[in-house]
Amino acid sequence: MSTILFELGCEELPPKSLKPLRDALQASITEQLTAADITFDSIKAFAAPRRLAIQIQGISDKQPDRTEQKRGPAIKAAFDAEGNPTRAAMGFAKGLGIEASELTTINTDKGDYVGFEQTIRGQATTELLPAIFQTALDNLPIAKRMRSGASRNEFVRPVQWAVLMQDDTVIDATIQGHQTGTQTRGHRFHSPDYHNIAHANDYEKLLDGLKVVADFDKRQMLIKNQVKALADEVNSDAIVPQDLLDEVTALVDFPIALRASFEARFLQVPQEALISTMQADQKYFCLTDKTGKLQPYFIFITNIESKDPNQIIEGNEKVVRPRLADAEFFFLQDQKQPLFALTESLKNRVFQDKLGTIWEKSERIAKLAAFIATLMQQQGHDINVDETVRAGILSKADLASSLVGEYPELQGIAGTYYARLNDEPEAVAASLEEQYLPKFSGDVLPQTPIGICLALADRLDTLVGIFAIDQAPTGSKDPFSLRRSAIGILRILIEKQLPINLVALVEQAIKGYSDAEGSKIAKMGDTFTQVMAFLNSRYRAMYTEQGVSVDTIQAVQAINPHMPLDFDQRIRAVQAFSELSQASMLADSNKRVANILAKSEVSVADTVDETLLSEPAEQNLYANVQQAQTVVQPLLEQADYTQVLQTLASLDEPLTQFFDQVMVNSEDAALKNNRLALLKQVRALFLTVADISELQL
């Protein structure tokens with residue numbers, strides 16, 4: 001057993017790709033070693049700005065020998081009547097480089113054949129590794145490869161050196177056009193020269209001494225600890241998004257965190273704008289107080305251990321000041337007119353060529369949001385319809401602001417700031433930011449009633465409009481993010497416990513595209529059908545992500561509930577039902593009932609004639625069905641679907657006895673039809689919740 005070290009030295013690798021490149025390299029090498037039957041104790045990947053490396057410890061020196069069995073022609077074809085080998089047998093033996101006399105007999109279920117077992121010697125690991133590493137590099141997820149100078153070798157950045165060692169010995173190879181050796185390079189500024197690696201086990205320790213923390217995760221932990229320590233000194237919390245942390249980690253070999261400050265006057269600007277420019281442009285970590293309010297500090301990571309850190313701090317403060325001043329200028333410029341005045345320019349801004357302007361969309365949002373607000377009001381929610389309309393009209397106003405023009409990610413957020421400055425009602429102001437929630441899978445939902453109305457109205461309006469102009473998502477293409485919008489609609493209605501019918505919402509959204517001149521939607525019926533089908537199809541994506549089984553989702557979809565909250569309650573009920581001991585038998589019985597009813601050549605009656613129930617088993621089933629109907633009815637009115645299915649589980653034994661003891665397809669037509677009617681009632685009871693026959697238990 002030995003240790004293998006591979007390192008590829010490059011010009012600075014793209015920081016956003018460094019971590020994925022490291023993970024892909026390790027995964028590919030692990031997969032190839034496993035496929036080649038080369039064992040090892042551990043494998044560790046390293047990634048720093050100028051290097052990707054792999055260290056494999058306890059690796060076997062060679063592949064194990066293996067025995068392969070070669071099967072030739074059947075015995076009858078391999079030997080003639082006298083037992084002499086035929087041309088077929090001799091040809092098979094010649095192909096293996098042996099004599100026909102060395103052939104053995106292989107016994108199989110399909111007869112006897114001639115064959116031969118040969119031992120394949122395992123190759124030395126050092127012979128296989130160069131190709132394994134080169135293949136792994138060739139398969140890295142690199143969007144655009146480049147060539148350096150006259151070299152025809154392509155990689156994400158120009159390659160400068162390559163190391164490939166077994167313990168203290170070089171494995172001679174050419175990788176990415178570079179001859180492998182034992183020399184690496186340290187920090188670009190602190191240790192720029194080549195340094196010899198004495199042993200593959202010394203790699204990480206050697207680089208630590210050369211001011212390179214090669215372990216990505218270790219380097220990241222150093223950054224997190226330093227940032228926290230500096231934030232604690234000013235009683236603040238650092239904002240450390242994982243994507244930014246990964247990028248900063250990929251930018252430095254030897255991280256040194258420093259804290260700087262900016263003028264407190266900039267804090268009058270929406271803090272989201274300041275945070276955005278400091279994170280995106282400068283890669284800074286911003287600081288907030290314990291309530292989340294931005295503080296006039298930021299932390300940055302330098303790649304140099306400076307003798308005078310203050311110079312670096314002052315330089316960063318000087319760089320960030322103009323960027324913050326720009327945000328301040330845009331913010332103050334926008335305040336020269338009220339938010340409502342910005343809506344005027346929306347009349348000339350196109351939302352979509354066939355669907356009109358952003359102003360027209362705002363009007364549609366206002367009408368649809370008011371409709372939803374009225375429904376919520378009827379359900380007991382405290383919501384002002386007039387304020388909802390006002391919020392709808394203002395919903396897209398900030399798209400015309402200078403601040404959003406410079407920082408598009410502040411849409412909605414800027415509107416909330418300006419609405420508060422204009423003394424708009426707080427319910428209106430808060431909703432302008434909330435209309436865009438949820439922004440991604442698992443994101444928070446709008447909290448205020450008006451915010452909920454705007455979020456639903458905006459998504460429904462876009463969904464209906466885009467389907468109406470035949471630009472529905474296809475395959476992986478979804479330029480208007482309709483899939484995300486649809487799941488957002490379902491999540492809001494479910495998680496906010498809103499018993500609102502999707503049919504009503506989609507119909508109202510379609511009506512919103514009509515005015516005195518007619519409708520922008522040519523085929524209203526087709527649009528309605530397509531949008532409803534699309535929304536229903538999103539249930540599967542949403543629930544499978546939560547770990548709900550596909551058959552459970554299909555069981556509920558089979559009865560096509562139009563209210564998302566109701567759909568969710570049924571899903572939870574079916575999940576609970578699936579855990580019951582009777583569930584499997586009842587699912588099978590429901591399949592059987594469904595098949596019997598489907599094959600009926602006559603229309604099955606809804607009522608059962610008690611006088612025709614001649615068998616004890618059918619009398620017992622009927623009595624249990626009658627009792628279940630009585631118990632279930634009030635439960636259905638309360639939408640207590642879990643208890644409904646718990647009640648119907650009692651039909652397990654009567655239904656089993658019925659099928660065991662009663663001939664449904666009796667020669668007596670009256671008996672047959674009456675028994676079908678009984679099964680129809682059984683089927684109808686279960687369908688009040690879901691189609692249990694869809695379950696695969």
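Note: the structure precedes this text.
Small disclaimer: the values here were computed from a predicted structure and weren't measured.

Q: Before we go on, may I ask you to explain helix H21 (residues 564-578) in this structure?
A: Taking 1.5 Å of rise per residue, 15 residues should cover 21 Å, and H21 covers 21 Å from first to last C-alpha, within 8% of that figure. All buried positions along H21 are accounted for by Pro564, Leu565, Asp566, Phe567, Asp568, Arg570, Ile571, Ala573, Val574 and Phe577. On its buried side, H21 packs onto helix H17 (482-495), helix H18 (502-511), helix H19 (524-545), helix H20 (550-557), helix H22 (583-599) and helix H24 (641-648).

Q: For this particular structure, what's the right way to read the packing of aromatic side chains?
A: How two aromatic rings sit relative to each other is given by the distance of their centres and the angle of their planes. Within the structure shown, the criterion is met by 13 aromatic pairs. Ring geometry for Phe658 and Phe659: centres 5.6 Å apart, planes at 75°, overall edge-to-face. In this pair, the class of Phe658 matches that of Phe659, namely buried. Sitting over the ring of Phe351, Lys361 keeps its end group 4.5 Å from the ring centre. Across the ring face of Phe534, the terminal group of Arg538 is positioned such that the distance to the ring centre comes to 5.5 Å.

Q: Explain the pattern of salt bridges to me, please; I cannot follow it from the model alone.
A: If the charged atoms of two oppositely charged side chains come close together, the side chains can form a pair. Within the structure shown, the criterion is met by 35 salt bridges. Two residues, Asp208 and Lys218, come together in a salt bridge whose shortest N-O distance is 3.5 Å. You can see Asp208 sitting in helix H5 (residues 203-209) and its partner Lys218 sitting in helix H6 (residues 216-233), a full ten residues away along the chain. Accessibility expressed as a relative area gives 31% for Asp208, which makes it partly exposed. Lys218 gets classed as partly exposed once you look at its relative accessible area, which sits at 37%. In this structure, Arg420 and Glu426 form a salt bridge, with 2.7 Å as the shortest nitrogen-oxygen distance. Counted as one network, the salt bridges with shared partners bring together Lys361, Arg364, Lys396, Asp458 and Asp461.

Cut-offs applied
- Each chain has its residues counted from 1, following the order in which its sequence is written.
- Note on the predicted model: pLDDT of at least 70 is required for a residue's local features to be given, and 80 or more for side-chain atom pairs to be given and counted; whole-chain, interface and lining totals, by contrast, use all residues.
- The side-chain values count all of the structure's non-hydrogen atoms but skip hydrogen atoms and water molecules.
- Under the scheme used here, helices are H or I runs from DSSP no shorter than 4 residues and strands are E runs no shorter than 2 residues, and both carry numbers assigned from the N terminus.
- One fewer than the residue count of a helix, multiplied by 1.5 Å, yields its expected span.
- Accessibility here uses a 1.4 Å probe with only protein chains present; expressed as a share of the type maximum, an area under 20% marks a residue as buried, one over 50% as exposed, and anything in between as partly exposed.
- Residue contacts are defined here by distance: any two heavy atoms, one from each residue, within 4.5 Å place the two residues in contact.
- The aromatic pairing rule takes the rings of Phe, Tyr and Trp, using the six-membered ring of Trp, and pairs them if the centres are within 6.5 Å, calling planes under 30 degrees apart stacked, those over 60 edge-to-face and the rest tilted.
- Here, over-ring charges are defined by two tests on the NZ atom of lysine or the CZ atom of arginine: distance to the ring centre within 6 Å, and angle to the ring normal within 35 degrees.
- A carboxyl oxygen of Asp or Glu within 4 Å of a side-chain nitrogen of Lys or Arg is what we treat as a salt bridge.

Structural measurements only, silent on function.
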